[in-house]
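Residues per chain, in single letters:
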Amino acid sequence: MHFQDWLQSLRSSAGLKASESQDFWSLLPSCSLSSASLLGLGALASLTAYWLVTRPRPMRPPCDLQAQSVAVNGDPSCRRSALLKDDTLLEFYYDDTRTVFDMFQRGLRIAGSEPCLGFRQPGQPYQWISYTEVAERAQVLGSGLLAKGCQPNPQQFVGIFAQNRPEWIISELACYTFSMAVVPLYDTLGLEAMVHILNLAEISLVICDREEKAAALLENKEKGVTPKLSCLVLFNEFSEAFVERAKNCETEVLKLEQLMVSRMEPPQPEDLAVVCFTSGTTGTVFDFHTVSLVFFLSQVSMFCHGARVGFYQGDISLLMDDIKTLKPTFFPVVPRLLNRIYDKILGSVTSPLRRALLHYAVRRKQAELSSGVVRNNSLWDKLVFNRIQASLGGNLRFALTASAPISPTVLSFLRATLGCLIFEGYGQTECTAGCTFSMPGDWSAGHVGAPLPCAKVKLIDIPDMNYFAKNGDGEICISGPSVFRGYLRDPERTAEALDSDGWLHSGDVGQWLPNGTLRIIDRKKHIFKLSQGEYIAPEKIENVYTRCVPVLQVFVHGDSLQSFLIGIVVPDPEVFVDWAKERGFMGSYEELCQNPDLKKAVLEDMTAVGKEAGLKSFEQVKGVYLHPETFSIANGLLTPTLKSRRVDIRRVFQEQISSMYSKTAI
């Protein structure tokens, strides 16, 4: 069949007149095509059509990414979300969902008998408790709390002292069902803080997971330092000897199932939901206002939409196996873990060819990200990144990182390799977790996004640090329904945090970027002067140094009597030995930490990274001590939120700090 004849056969269906198409045909060369050629053209046309239909499409952002926030009343230092129609902040996302109790009830209506809470035994698949069953258990447990003398009002505080597990959530929901407030307790708070919490909140009943934790509380009661404690409820089995011991100090011990009766008294939007004690200090307490539910907790938000939540076995060494088994689609994660994943990926690629292929694949995926395309089914995902994605279950669609800054390099790298949406948020406990959030469709790094619809964010002057709001930088302050009510029974500290206009002063230093997003650039707290008068913000410097390949943790120290900084460095055990070997140093991890020449190499690497990041000369450490044991919650050098306990680290390493200052010459 002639190609021209085939085209002319389309004329009638196209409705063309002979005179209108004659000129077109005259332009075509006289040619004949074989059947094979026609099949080839058809195949090419089919492939083209298939590509047009299935090609990756960029995510459409909900607003102009060049104007993600709007000045409030014309003041460029005070901004709100561009997603809002006006300056009225969002209090409730759904009109019928105004408390944590309402959020779970909404999930119950959506999911019903579908899975809600998951748990597993070693080597076994996840077992699930349905939304209906969770709601029933919470109701009967809450009724049992009333039977034990708890009052159905937000002034009734119930302690929960347990690892994360389904019973924790059921106990929490039981309290919300009857308008009671939850007080989470952690063994990392220490004995002194635990006593302070129980007495300040006047807690009479604590729910525990196992006898060992309940025994720690009972010991305080035996000493007479927590007189109001009268009832301990346990998830696990306990001994008769423990029951008798408790009776001797007028404390009742019950199994969770013993509290099962039934009625309901749900809370109001203005009622208190949670009392949360800070880590690291005694006597500092936060409370939350349940009206602020735009961003309360990722977990509660999942319940609101009928999602399922899986818990780990309780053994941190089995966490990766739990993740692979659970195959999560949503993954809230701290930057420290993302840094470990990043280091592990780079450390596992040893050959130059594989390293070159990895970096090329990352660049190709990052090019897609820059055009708004996020996917995990590209050629590079199948060839290079599939094992990385499988290590997190293979179904990850959405990750959220917060609680500390994350390197733009790490964030961009993991967005490419994991093939999922990774958002970064910023906030603090006092503003119900979040006040800014990166915008869907904006995959640039180096900022924490624009204000959430529930918050206004403004910058104010810090003259001592040379930050001024008129220049677009200053201390970050937050206002809106998500801001907390105050510190529990501590009006003095509440007045320090909240000014007379209701603005929460964060202590962080921010900078507005031209596209309306916020960048965290410094910290007002934990600053000190060197002897020559230069102000130092150690946390900013530490965040830079953790980008070094051999560095896992670092503590930067300075003294007003000294002119330079020194550092305590914990090398990354997973990469340090290989990193040292590449530079000609041999030995075990502990031996390498004692090698003075290798210490010099680590310092040089840190200095290079610091220079690249723009650290000034006086901000660079001039000496380091390599410590072979990681800072952890267990050894008292990290808080439960994985922040450095600066006073404790300084005390533990005082000898090394003094030695470095006496021996370091600059």
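Residues numbered from 1 in each chain as written. Predicted model: local features only at pLDDT ≥ 70, side-chain atom pairs only at ≥ 80, totals over all residues. Heavy atoms only, no water.

An unreviewed UniProt entry annotates the protein chain as Arachidonate--CoA ligase of Sander lucioperca. Under the UniProt heading Sequence similarities (unreviewed entry), the note attached to the protein chain is "Belongs to the ATP-dependent AMP-binding enzyme family." (UniProt positions renumbered as here; feature names shortened; annotations may be inferred.)

Chemist: Please provide a residue-by-residue account of the overall build of the protein chain, values included.
Modeler: Broken down by element type, the protein chain carries 23 helices and 26 strands. Taking all 666 residues of the protein chain together, the buried fraction comes to 47%. If you take every contact in the protein chain between residues at least 6 apart in sequence, the share linking residues at least 24 apart comes to 64%. For the protein chain, the computed accessible surface area is about 31900 Å², with 53% contributed by carbon and sulfur atoms. (Helix = DSSP H or I, 4+ residues; strand = E, 2+ residues; numbered from the N terminus. Buried < 20%, exposed > 50% of the residue type's maximum accessible area, 1.4 Å probe, protein only. Contact = heavy atoms within 4.5 Å. Areas by Shrake-Rupley, 256 points an atom, 1.4 Å probe, with all protein chains shown as cover.)

Chemist: Summarise the packing of aromatic side chains; cite the residues concerned and give the values.
Modeler: A full pass over the atoms with the stated rule returns 17 aromatic pairs. When the ring of F104 is compared with that of Y131, the centres are 5.3 Å apart and the planes differ by 25°; the resulting orientation is stacked. One end of the pair, F104, is in helix α5 (residues 100–111); the other, Y131, is in helix α6 (residues 131–147), with 27 residues separating them in the sequence. This pair shows no difference in class: F104 is buried, exactly as Y131 is. (Phe/Tyr/Trp six-rings, centres within 6.5 Å; stacked < 30°, edge-to-face > 60°.)

Chemist: Provide a residue-level description of the sheet that holds strand β21 (residues 518–523), including the pertinent values.
Modeler: The strand order across the open sheet built from 6 strands is β1-β2-β18-β19-β20-β21, with neighbouring strands paired in antiparallel fashion. Two strands in the sheet have a free side with no partner beyond their single neighbour: β1 (69–72) and β21. Strand-to-strand twist across the sheet, computed as the mean angle between neighbouring axes with direction ignored, equals 45°. Taken together, the 5 bridges between strand β20 (residues 504–512) and β21 define a ladder with antiparallel strand orientation. From the neighbouring strand, Q511 faces β21, where its bridge partner is R519. (Pairing = 2+ DSSP bridges. Axes fitted to C-alpha atoms, helices over the stretch in contact; angles between N-to-C directions.)

Chemist: Outline the nonpolar core, supporting the account with residue identities and numerical values.
Modeler: If you look at the biggest cluster of nonpolar residues, it comprises 53 residues, and the most contacted ones within it are L358, F413, L414, I478, L504 and L518. Contacts of I478, omitting those with residues within four sequence positions, involve Q428, C431, C435, A455, K456, V483, G502, W503, L504 and S506. If you look at the next biggest cluster of nonpolar residues, it comprises 46 residues, including Y131, C175, L254 and V274. (Core = buried A, V, L, I, M, F, W, Y, C linked by side-chain atoms within 4.5 Å.)

Chemist: An account of the sheet that holds strand β24 (residues 551–557) is needed here, citing residue identities and associated values.
Modeler: Ordered in space as β24-β25-β26, the 3 strands form an open sheet in which the pairing is mixed. Edge positions in the open sheet fall to β24 and β26 (621–626), since each of these has one partner strand only. Taken pair by pair, the neighbouring strands of this sheet meet at an average axis angle of 30°, ignoring direction. Relative to β26, strand β25 (residues 565–571) is paired through 5 bridges, and the arrangement is parallel. Looking at the pairing, I568 lines up with Y625 of β26.

Chemist: Before we move on, could you go through the side chain of E368 and cite the residues and values that matter?
Modeler: Mapped onto the fold, E368 is located in helix α14 (residues 352–370). In contact with E368, not counting residues within four places along its chain, are V373 and R375.

Chemist: For the pattern of salt bridges, give the residues involved together with the corresponding values.
Modeler: All chains considered together, the criterion is met by 20 salt bridges. In this structure, the salt-bridge partner of E542 is R646, at a minimum N-O distance of 2.8 Å. With E542 in helix α18 (residues 538–545) and R646 in helix α22 (residues 646–652), the pair connects residues that are 104 residues apart, well separated along the chain. Overall, E542 belongs to the buried group, its relative accessible area being 8%. R646 sits in the buried class, given a relative accessible area of 9%. (Salt bridge = Lys/Arg side-chain N within 4 Å of Asp/Glu carboxyl O.)

Chemist: Break down the confidence of the model for the protein chain for me, with residues and values.
Modeler: Confidence in the prediction for the protein chain averages 87 pLDDT; 90% of positions are at 70 or higher. Contacts for the low-pLDDT stretch residues 1–18, under 50 throughout, to residues beyond four places or in other chains number 20 contacts. Within the model, the stretch residues 279–296 combines pLDDT values under 50 with 81 contacts to residues more than four positions away or in other chains. (pLDDT = per-residue confidence, 0-100.)

Chemist: Describe a nonpolar patch on the surface, and please don't skip the residues or the numbers.
Modeler: The grouping of L38, L41 and L44 at the surface amounts to a nonpolar patch, some 250 Å² of accessible area in total. With respect to the element layout, L44 can be found in helix α4 (residues 35–54). (Patch = residues over 30% accessible without salt bridge, like charges linked within 9 Å, V, L, I, M, F, W, Y side chains within 5 Å.)

Chemist: Residue-level account of the environment of V384, with values.
Modeler: One can find V384 in helix α15 (residues 379–390). Considering only alpha carbons, one finds V384 and T417, 33 residues apart in sequence, at a separation of 8.5 Å. Among residues more than four places away in sequence, those in contact with V384 are L357, L358 and A361.

Chemist: I'd like to hear about the packing of α14 against helix α16 (residues 408–418), residue by residue, with values.
Modeler: Between α14 and α16, the least distance of the axes is 9 Å, while the angle of their chain directions is 90°. With respect to each other, α14 and α16 are oriented roughly perpendicular. Contacts between α14 and α16 involve L358, V362, K365, Q366 and L369 on the former and, on the latter, S412, F413, R415, A416 and T417. The residue inventory of the contact of α14 with α16, partitioned by class, reads 5 nonpolar, 3 polar and 2 charged. (Parallel < 35°, antiparallel > 145°, perpendicular 65-115°, else oblique. Nonpolar A, V, L, I, M, F, W, Y, C, P; charged D, E, K, R; others polar.)

Chemist: Help me get a handle on the environment of T432, residues and values and all.
Modeler: Note that T432 resides in the loop between β15 (421–426) and β16 (436–437). Sequence separation between T432 and V483 is 51 residues, and the spatial gap between their C-alpha atoms is 6.5 Å. A distance of 2.6 Å separates a polar atom in the side chain of T432 from the backbone oxygen of S482. (Polar contact = N/O pair within 3.5 Å; in protein donor to acceptor, adjacent residues only side chain to side chain.)

Chemist: Describe the side chain of D508, listing the residues and the values that go with them.
Modeler: For D508, the position within the fold is in strand β20. A distance of 2.7 Å separates a polar atom in the side chain of D508 from a polar atom in the side chain of Y426.

Chemist: Which residues make up helix α13 (residues 335–348), and what values go with them?
Modeler: Taking 1.5 Å as the rise per residue, α13 with 14 residues should run 20 Å; its terminal C-alpha atoms sit 20 Å apart, in good agreement. Turning to α13, its buried residues are P335, L338, N339, I341, Y342, D343, I345 and L346. Close packing links the buried residues of α13 with β13 (330–333), α14, α15, β14 (398–401) and α16. (Expected span 1.5 Å × (residues − 1).)

Chemist: Tell me about the pairing of strand β8 (residues 231–234), residues and numbers included.
Modeler: Neither face of β8 is open: one carries C231 and V233, the other L232 and L234, and all of them are buried. Relative to β8, strand β7 (residues 205–208) is paired through 4 bridges, and the arrangement is parallel. Directly across from L205, in β8, lies its bridge partner C231. Chirality of the crossover, the property in question, places the unit of β7, helix α9 (residues 211–223) and β8 among those that are right-handed. As defined by bridge partners, β8 adjoins strand β9 (residues 252–255) across 4 bridges and the pair is classed as parallel. Paired with V233 across the bridge in β9 is L254. A crossover links β8 with its parallel partner β9, the connecting element being helix α10 (residues 240–247), and its sense is right-handed. (Right-handed = clockwise from strand over helix to strand, strands pointing away.)

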